[in-house]
Protein chains: 2
Amino acid sequence: MDNEKKLDGIRHSLAHLLAAAVLKKFPDAKLAIGPVIENGFYYDFLLPRSLAPEDLKDFEKDMKKMIGGKLSFTGKEVSVAEAKEIFKDQPFKLELIEEFSDEDKTLTTYKTGEVFLDLCRGGHVDNTSEINADAFKLEKIAGAYWRGDEKNQMLQRIYGLAFSSKDDLDAYLKMMEEAKKRDHRKLGKELGLFTIIDEVGPGLPLFYPKGAILRRTVENYITEIQEAKGYVPIWIPHITKGELYKISGHLDKYDAMYPPMDLKDEAKYYLKPMNCPHFMMLYKSIPHSYRELPVRYTCTTTNYRYEKSGELSGLTRVRSLTQDDCHVFARPDQIEGEVNLMLDMIGEVYKTFGFDNFRVRISTHDPENKEKYIGDPEIWKNSEEALSKLIATRGWKYDIGVGEAAFYGPKLDFIFKDVLGRDWQLSTIQLDMNLPGPERFALEYTNADGKKGQPVVIHRAILGSTERFLGILIEHFAGAFPLWLAPVQATIIPVSEKFSEYSEKVMNSLTAVGIRAEIYAADETLGKRIREAEMQKIPYVLVVGEKEESTGEVSVRHYKRGQEGTLSLKEIAEKMKKEVDEKTI
Amino acid sequence: MDNEKKLDGIRHSLAHLLAAAVLKKFPDAKLAIGPVIENGFYYDFLLPRSLAPEDLKDFEKDMKKMIGGKLSFTGKEVSVAEAKEIFKDQPFKLELIEEFSDEDKTLTTYKTGEVFLDLCRGGHVDNTSEINADAFKLEKIAGAYWRGDEKNQMLQRIYGLAFSSKDDLDAYLKMMEEAKKRDHRKLGKELGLFTIIDEVGPGLPLFYPKGAILRRTVENYITEIQEAKGYVPIWIPHITKGELYKISGHLDKYDAMYPPMDLKDEAKYYLKPMNCPHFMMLYKSIPHSYRELPVRYTCTTTNYRYEKSGELSGLTRVRSLTQDDCHVFARPDQIEGEVNLMLDMIGEVYKTFGFDNFRVRISTHDPENKEKYIGDPEIWKNSEEALSKLIATRGWKYDIGVGEAAFYGPKLDFIFKDVLGRDWQLSTIQLDMNLPGPERFALEYTNADGKKGQPVVIHRAILGSTERFLGILIEHFAGAFPLWLAPVQATIIPVSEKFSEYSEKVMNSLTAVGIRAEIYAADETLGKRIREAEMQKIPYVLVVGEKEESTGEVSVRHYKRGQEGTLSLKEIAEKMKKEVDEKTI
């Protein structure tokens, strides 16, 4: 915590030094604001000309000099009149002064050595000697509207990175470089996985054949896992009358819904933003006995949420998201068993994808605010303890988010840390323990005594959404997918045209066992074709020439493991099939 | 043709006899119109009270008497004034007279014996003796608005069936009775396949687990067939900006589109009513060389068409229809080969489903109206001849619809006759030979010489739509699906609770080879459970008791073939797996 605060002080101080350096080079610069952000800081300026990367180098150099100068930061309380006089040439500062004085805030200025004075509420190092001059870097220039409002003037924003040590900075830079290489939007294009097309719209990715195979492989795997555990698929349409969302309450409360399609003579129709109401209506449409419960419906189906276009990003933030959604309708005595079955599945899926670094966030009720929740506090407490125990028993990391539960039941969120250490929220289990789903939809089942009971509904998604999960997968594996996921699993490269017939034979022996193979015909040099296959990160490259044809073999080169000698057609087919069947990572 | 005309005369004459019978019973009846329809006729009346089934019997009896009376039909031209005088008490007829006179039509009346005079343009038998009194039947009563307009008065419509012979009538009645038993809406409910829910909306079926499995089995089969022929899956979102449909022209021309979702700040978004524009944009988003062509994109994806609610019917006419859609982008020299590949697939699919009774409708251009079509008439002629030859070579029945082609290319429609002799249009192949798709979207590929070529687009669906195809399948098989399609393939019935453990063992040995099996626990009598499994039309019922457990066998009963003796667990698993793998009908 202290370190965190100290680092913030360093970052804030560097923002001042940056402003000082900018003012020195551009005495007419108008200064806006310079806050601390994650990994560093920024400062916005109105300047007489556009900045170039060289300017950043100058500023950096000057900032290092100031750091070396061991300048002290000294604060001073000033009156509004004094402040206005000091910043009379700084219109943005004057605007802030007006505003702060309206709000009756105390105004302070901070002076850096003798070189720079800024309007600031404090939070700096005492002396620039506390800053490691090698642990910061001016990162980039971007445009930004004054106060983030596009009706205002466009300013130039300089971003800086800053850490306590050079090692930390280097590690961050390396991670960023790696993240850039792994960027799923970049790889999605390079590997021919998906695209976004203006005329179709932002946040609505279209998948090329390779991306479509990746989608299907992941989705089919999740379906298989579920069916093996007694989940049964259903199918629901993507649109509905508004009536359904009146019952569920979404029409009033859910604000990411697309506007209605108004069929004036009939009804308003909506794209579904989530599946619960459809699932509940299907359950409700037939009678259920206590003996059939739990009913475990699952469906991989697309939802539509109107996210702001500025917030969309490749596959990780889309407007059409396909969820591996499931709703379990259970008797209260079945909750624990059902949650445990879900944990089994989630554990199994994460293991398959090699996602071993994850933790569970348990969102519980707040015992200090019992009135916020419906149902018996004793039941809440017991369920939450049972959930924690189920997680702890597995040796999984977890933390508790007190007061983060929905008003109708506790929730489990699974947060996966990828190979670059970034957090991604994936699976969710939400208990609809005391309403509102079952109540609003008047769900019921018949007990042994003929009386009606109300089922508990457990909502669950493993991947979260196919699109987002694929985005994460692409970045986690840097596009070099495990064999079972790879859209093309083997490229067969004949040394020359002479071996195209043998290549066909190789391909047939692979496709016969379900391997996705293709031939890279001899219309380019061998070297170029091998490099291209590597660029495409295809797991197996099988080169065939004179020797291979004569012995009925292939020369095997694995994307990650390199040369693997020669294998007979039977051996390579068996080897690959085994790797696919076992979903080797 | 002559027979057809004669039958129409009989039906038309019967409509007159019906009106005469109605007038006799209800002298104040107001007569609307009484046309010939498929299989019979109807007549609309405004009557002082609602008709009951007994009334139909009276009318029928009276009509038979008139037939026996050998009444002649005699026509007479009348002036408008005469007509108005004759029908002065018949307001609907007066309305028609006004209208006909405005249109300068000649008015005729037809007299039946001495009993009845109607305003009519003719087309009767000369004498009622030509009508077989045993070959007609008054079928049902329904409400109908005058002139089909709901703003008008509601009338009572009487439907009659009429044929040349009693045998024809009986055959039709039997077929109708069978069709009623096979009605997919009825079976869909009884077999737990799908439902339609008011709050979700008409034409938007939701599928229960059994229906979802049926859907998936059919769709996966079609995908497999396509992939084996080199088609590659893509994935496209279900919505798009209106911009896409401006390019395609659908926005102006396609009237079954759902109204837009108006995101005022951004764009109007639409549900896709068809897939072509998305496919074309995906093709266009990357460069293509002549060497990669044909590009064969396929996607099983849902379209949305706003059909009038009165026209919706179960699965056969829906608003959300999932198409097994494919677009092939080919060089002109590849058209024939690509169409032939499509015919291969269609032939294979029909064979698998046992759809051996089908014909092809070839829609061609009209050489008398060359100006209606774009492109070289010679190319049209050649392509059409090539298509006919491809069909004829296979020995498939076909007929030619001259002038039925779209303005940009000829079309093939496949019409399947089901077990009840009803026609269903299934597959379609549409050549987009000369625009508009490739042109509007400016599609291209690079030729060997570096110049740009424009691909031909071939549109194709095999099933048409999953929903409609399932409706047809359910009726064709009367819900007794071939093993590979059956949602539940085997029900294991333990004679008593004592054998539940052995039942589990049987089930595991079946699920191990991918068979969808379930246990029907001993909470009902054996007989009741066997009957229930038969009602559910489950292909295999496996009964297990003392004897079976001791020998490690099951007692096999097949839904269609009856008792099949006892088999070991290995034998029944192998037998069923073979039947599934071979898709035995």
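Everything that follows concerns the structure shown earlier in this document.
Residues numbered from 1 in each chain as written. Chains lettered and ligands numbered in written order. Predicted model: local features only at pLDDT ≥ 70, side-chain atom pairs only at ≥ 80, totals over all residues. Heavy atoms only, no water.

Caption draft 1: Region of the structure containing the pattern of salt bridges. One pass over the full model with this rule turns up 92 salt bridges over all chains. Measuring nitrogen to oxygen at the nearest pair gives 3.3 Å for the salt bridge that ties Asp413 of chain A to Lys411 of chain A. With a relative accessible area of 23%, Lys411 of chain A lands in the partly exposed category. As a salt-bridge pair, Arg147 of chain B and Glu99 of chain B come within 2.4 Å of each other at their nearest N and O atoms. Taken together, the residues Arg147 of chain B in the loop between strand 7 (136–145) and strand 8 (154–162) and Glu99 of chain B in helix 4 (residues 91–102) connect sequence positions 48 residues apart. Salt bridges sharing partners connect three or more residues here, namely Arg359, Arg361, Asp399, Glu404, Lys417 and Asp423 of chain A. (Salt bridge = Lys/Arg side-chain N within 4 Å of Asp/Glu carboxyl O. Buried < 20%, exposed > 50% of the residue type's maximum accessible area, 1.4 Å probe, protein only. Helix = DSSP H or I, 4+ residues; strand = E, 2+ residues; numbered from the N terminus.)

Caption draft 2: Up close: the packing of aromatic side chains. Residue and element names in this part refer to chain B. In this structure the tally under the stated criterion is 54 aromatic pairs over all chains. When the ring of Tyr283 is compared with that of Phe329, the centres are 4.3 Å apart and the planes differ by 15 degrees; the resulting orientation is stacked. Pair noted here: Tyr283 is in helix 10 (residues 276–284) and Phe329 is in strand 16 (residues 320–330), with a separation of 46 residues, a long-range link. Relative to Phe355, the ring of Tyr350 has its centre 6.3 Å away and its plane inclined at 55 degrees; by these criteria the two rings are tilted. A relative accessible area of 1% means that Phe355 is categorised as buried. (Phe/Tyr/Trp six-rings, centres within 6.5 Å; stacked < 30°, edge-to-face > 60°.)

Caption draft 3: Region of interest: the sheet that holds strand 24 (residues 490–494) of chain B. Residues and elements named next belong to chain B. The sheet built from 5 strands is open, its strands ordered 25-24-26-27-28 with mixed pairing. What marks the edges here is a single partner per strand, and that holds for strand 25 (517–519) and strand 28 (562–568). Sheet twist, expressed as the mean angle between neighbouring strand axes with direction ignored, is 25 degrees. Relative to strand 27 (residues 553–558), strand 26 (residues 540–544) is paired through 4 bridges, and the arrangement is antiparallel. When the sheet's bridge partners are listed, Val543 is paired in strand 27 with Ser555. Against the sheet, helix 15 (residues 500–511) touches strand 24, strand 25, strand 26 and strand 27, its axis set at about 160 degrees to strand 24. (Pairing = 2+ DSSP bridges. Axes fitted to C-alpha atoms, helices over the stretch in contact; angles between N-to-C directions. Contact = heavy atoms within 4.5 Å.)

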